Amino acid sequence: MSGHYLVGLDLAGRRVVVVGGGSVAQRRLPNLIAAGADVHVIAIDPTPAVESFQGITVTRRAYADGDLEGAWYVMACTDDPAVNAAVVAEAERRHTFCVRADDAQYGTAVTPASARHRDVQFGVLAGGDHKLSAALRAAISRALAEGSLTVDDVEPHAPGVALVGGGPGDPDLITVRGQRLLAEADVVVADRLAPAELLESLGPQVEIIDAAKVPYGRAMKQEAINDVLVARAREGKFVVRLKGGDPYVYGRGFEELQACVAAGVPVTVVPGISSSIAAPASAGIPVTHRGVTHEVVIASGHVPPGHPDSLIDWSAMGKLRGTLVLMMAVERVDVFADALLEGGRPADTPVAMIENGSLPTQRLLRTDLAHAAEVAEAEGLRPPAIVVIGQVAAFTEGA
């Protein structure tokens, strides 16, 4: 098989025909849509995912000669080799490049394994070896994100601030965008719960500022954090505010965004995986389950019931039948349990307490609401920990 000529196509507003509506077509559609193509899918039985794509036209029928009229680019993605061959043949008659998904050598174009880094899109072709091209793409993307693969003349990131959610603790659970922006940072202002391994991968030129808020201990005041974000950005630096979990789930992210906006500093928010959902999941506990719970409430344990600053109606919480997830509640499990029991929550309601969720040191304690405080104290539960209350807290992976 001869080599291919790697080229970028401007498909914006141009007709692209995809014949077939299965998993192969499903994988190709996002990039076509992102390129602004006028996408037409012809398939006898397209998958629900294909039908749900916005901005495309789906025709539910078999391919017929003539369907490629006006097409600039074609993809033959059915599971019938004869149909794919017919699509390629029509495309050739019309001098239109066509990808044949089931057997690339019989098409007139191939789809590279592609990815993006900053504003650069790159593709990998491996002579039809899709596993190899996908593996190389992954390796290049990872090296670019981690900074081990660099280009000397790449422009530095524009000054500003990115509020990045680092996820529940496992460094692999940061988003791709979050990892990419972290690799471009001049300054990183990091929380105590931000994955430490992510900081270790940064170069010596990156300034790391500890913005730890230790529970019931020392803390960098929020105003000081806001000030350093603005000050470093005004110095021409790109600043990443790295948080554990998600910036907007008890992360004071919106306060920091407001400070940046008020100072005229460009700011972007990169959502993260919240430990309120991820910690239970890592312990095999779903916070929702069909027929068991129709609601999930995530509540802060920062202040106890009855405190003047409390905004939670704990009596109402006690009447809920669904899942309650308590964050920052380790030191007051007894107080919250009592409030829920007084509100009407049954004493035998299952409780799960997950310490260091998603980390190798993760620990799971199971009990019920009546004994939650006793178990937490006896087992030495320590933050960070998530408390899950409700029927799902009794779920195990085997049942």
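Residues numbered from 1 in each chain as written. Predicted model: local features only at pLDDT ≥ 70, side-chain atom pairs only at ≥ 80, totals over all residues. Heavy atoms only, no water.

The name given to the protein in an unreviewed UniProt entry is uroporphyrinogen-III C-methyltransferase, and the organism recorded there is Gordonia namibiensis NBRC 108229.

Asks: Would you mind going over the overall build of the protein with me for this structure?
Replies: A tally of regular secondary structure across the protein gives twelve helices and 17 strands. Within the protein, the fraction of its 399 residues that count as buried is 42%. The contacts of the protein with a sequence gap of at least 6 include a subset with a gap of at least 24, amounting to 61%. For the protein, the accessible surface area stands at approximately 20700 Å², while carbon and sulfur atoms represent 53% of it. The averaged location of the 48 negative side-chain charges in the protein is 2 Å from the averaged location of its 34 positive side-chain charges. (Helix = DSSP H or I, 4+ residues; strand = E, 2+ residues; numbered from the N terminus. Buried < 20%, exposed > 50% of the residue type's maximum accessible area, 1.4 Å probe, protein only. Contact = heavy atoms within 4.5 Å. Areas by Shrake-Rupley, 256 points an atom, 1.4 Å probe, with all protein chains shown as cover. Lys, Arg positive; Asp, Glu negative; His and termini not counted. Charge placed at Lys NZ, Arg CZ, Asp CG, Glu CD.)

Asks: Explain the pattern of salt bridges to me, please; I cannot follow it from the model alone.
Replies: Pairs can form between side chains of opposite charge once their charged atoms are near each other. Scanning the entire structure with this criterion turns up 16 salt bridges. Among the salt bridges present, the one from arginine 14 reaches aspartate 10, with a minimum N-O distance of 3.7 Å. Looking at aspartate 10, the relative accessible area reads 54%, which means it is exposed. In this structure, the salt-bridge partner of arginine 94 is glutamate 90, at a minimum N-O distance of 2.8 Å. Judged by relative accessible area, arginine 94 falls into the partly exposed class, the value being 36%. Each member of the salt-bridge network shares a partner with another, and the members are Asp191, Arg241, Lys243 and Glu256. (Salt bridge = Lys/Arg side-chain N within 4 Å of Asp/Glu carboxyl O.)

Asks: I would appreciate a short explanation of the nonpolar core in the present structure.
Replies: Soluble globular proteins tend to pack their nonpolar side chains together in the buried interior. In this structure, Trp314, Leu324, Leu326 and Ile389 are the most contacted members of the largest nonpolar core, which totals 22 residues. Looking at this core, the element that brings in the most residues is helix α11 (residues 333–342), giving five residues. (Core = buried A, V, L, I, M, F, W, Y, C linked by side-chain atoms within 4.5 Å.)

Asks: I'm lost on the UniProt feature "active site" (unreviewed entry) in the protein in this one. Help?
Replies: Per the UniProt record, the feature "active site" (unreviewed entry) sits at Asp191 and Lys213. As for its placement among the helices and strands, aspartate 191 is situated in the loop between β9 (187–190) and α6 (196–200). (UniProt positions renumbered as here; feature names shortened; annotations may be inferred.)

Asks: Teacher, can you tell me more about the packing of aromatic side chains here?
Replies: For any pair of aromatic rings, the description rests on two quantities: the centre-to-centre distance and the angle between the ring planes. As enumerated under the stated definition, the model contains two aromatic pairs in all. With a centroid separation of 6.0 Å and an interplanar angle of 75°, the aromatic rings of tyrosine 248 and phenylalanine 254 are classed as edge-to-face. Judged by relative accessible area, tyrosine 248 falls into the partly exposed class, the value being 42%. Over the ring of tryptophan 72 we find arginine 14; its NZ or CZ atom is 4.4 Å from the centre of that ring. (Phe/Tyr/Trp six-rings, centres within 6.5 Å; stacked < 30°, edge-to-face > 60°. Lys NZ or Arg CZ within 6 Å of the ring centre and 35° of its normal.)

Asks: Hey, could you run me through unusual backbone geometry in this one?
Replies: Peptide bonds are mostly trans, and most non-glycine residues show a negative phi. Going from proline 383 to proline 384, the amide bond is cis rather than trans, its omega being 0°. Locating proline 384 in the fold gives a position in the loop between α12 (372–378) and β17 (385–389). The phi dihedral of methionine 328 falls on the positive side, at around 55°, and the residue is not glycine. Phi is positive for serine 358, close to 80°, though the residue is something other than glycine. As for its position among the elements, serine 358 is in the loop between β15 (350–355) and β16 (363–368). Classification of serine 358 as buried rests on a relative accessible area of 14%.

Asks: Sorry, what's going on with the sheet that holds strand β3 (residues 57–60) here?
Replies: Backbone hydrogen bonds are what pair the strands of a sheet, in a parallel or an antiparallel way. What the five strands build is an open sheet, ordered β3-β2-β1-β4-β5; its pairing is parallel. In the strand order of this sheet, the two ends are held by β3 and β5 (97–100), each with one partner. Neighbour-to-neighbour, the strand axes of the sheet open up by a mean angle of 15°, direction not taken into account. Contacting β1 (15–19), β2 (38–43) and β4 (73–76), helix α1 (residues 23–34) runs over the sheet at an angle of about 170° to β1. Contacting β1, β4 and β5, helix α3 (residues 81–93) runs over the sheet at an angle of about 165° to β5. (Pairing = 2+ DSSP bridges. Axes fitted to C-alpha atoms, helices over the stretch in contact; angles between N-to-C directions.)

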